[in-house]
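Fold and geometry: a report
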Amino acid sequence: MKMRPARPLDAARLAYIESTQPMSAHWGEKGMAGEIANAASRIWCWEEDGEIVGFLALRLAAGFCEILNLAVLPAACRKGIGFRLLSHALRNVRESGGTAVTLEVNVRNHPAIALYTKAGLTETGRREKFYDGKDDALIMGADL
Ligand SMILES: CC(C)(COP(=O)(O)OP(=O)(O)OC[C@H]1O[C@@H](n2cnc3c(N)ncnc32)[C@H](O)[C@@H]1OP(=O)(O)O)[C@@H](O)C(=O)NCCC(=O)NCCS
């Protein structure tokens, strides 16, 4: 079990993991590779037995952190991996001088909303019909 930053060669595996989770962002391998290479981006991976089973991606700019993508393989869910990724990311951002975090989540995505709430984030706003003109997005955030 290991937390580590994503490397360029991880792009295909991370794209595969997001493809198993309909509620995650879907960047694809090319988008993932671009994000790994982006200087404002931070992506952490969680490995089990040498294989990545979950990741979290954020951007940090001017002290402001936005969580952009998070997914755990279905078979690895409910084992504390999402919470470990999120806690690690928030600690890292705080240590880097970040002062606030924000994200968008589908109002129907109860597991993710429960995870963010457990980590101390609260609802700060709502975007109506944000996802495909249907579901609202909750905006959640916290000061760090
Ligand atoms: C959201 C997600 C990352 C959670 O990962 P995970 O490793 O299963 O989460 P954890 O095991 O660390 O759970 C931490 C907390 O999240 C909440 N949670 C996670 N899965 C849940 C579920 N299926 N139902 C209700 N609450 C859930 C609980 O509060 C849990 O705390 P608890 O174990 O003390 O009850 C995972 O379900 C996932 O990949 N979902 C699809 C992608 C997605 O929604 N990404 C976020 C987009 S904004």
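1. Digging into the overall build of the protein
What the protein contains, in helices and strands, is four helices and seven strands. Listing each helix as α and each strand as β along the protein from the N terminus yields β-α-α-β-β-β-α-β-α-β-β. Overall, the protein is about 40 × 35 × 30 Å in size when its C-alpha atoms are taken along their principal axes. Across the 144 residues that make up the protein, the buried fraction comes to 45%. About 7,800 Å² of surface is accessible on the protein, with carbon and sulfur atoms providing 51% of the total. Taking the 18 positively charged and 17 negatively charged side chains of the protein as two groups, their mean positions are separated by 3 Å.

2. Quick notes on the pairing of strand β6 (residues 122–131)
When β6 meets strand β7 (residues 135–143), the two strands line up antiparallel, connected through six bridges. In the sheet register, Arg127 faces β7, and the bridge partner there is Ala137. Where β6 folds back on β7, the antiparallel hairpin that results is connected by three residues, among which Asp132 adopts a positive phi of roughly 55°.

3. Focus on the site of the ligand
Every one of the 22 residues lining the ligand counts as a neighbour, but Leu70, Arg78, Gly82, Asn109 and Lys118 are closest to it. Here an oxygen atom of the ligand and a backbone polar atom of Gly82 are 2.8 Å apart. Among the secondary structure elements, those contributing two or more residues to the shell around the ligand are β4 (64–72), α3 (81–95), β5 (100–106) and α4 (110–118). The residue makeup of the shell around the ligand, split by class, is 13 nonpolar, five polar and four charged.

Calculation criteria
Residues numbered from 1 in each chain as written. Predicted model: local features only at pLDDT ≥ 70, side-chain atom pairs only at ≥ 80, totals over all residues. Heavy atoms only, no water. Helix = DSSP H or I, 4+ residues; strand = E, 2+ residues; numbered from the N terminus. Buried < 20%, exposed > 50% of the residue type's maximum accessible area, 1.4 Å probe, protein only. Areas by Shrake-Rupley, 256 points an atom, 1.4 Å probe, with all protein chains shown as cover. Lys, Arg positive; Asp, Glu negative; His and termini not counted. Charge placed at Lys NZ, Arg CZ, Asp CG, Glu CD. Pairing = 2+ DSSP bridges. Near = heavy atom within 4 Å. Polar contact = N/O pair within 3.5 Å; in protein donor to acceptor, adjacent residues only side chain to side chain. Nonpolar A, V, L, I, M, F, W, Y, C, P; charged D, E, K, R; others polar.

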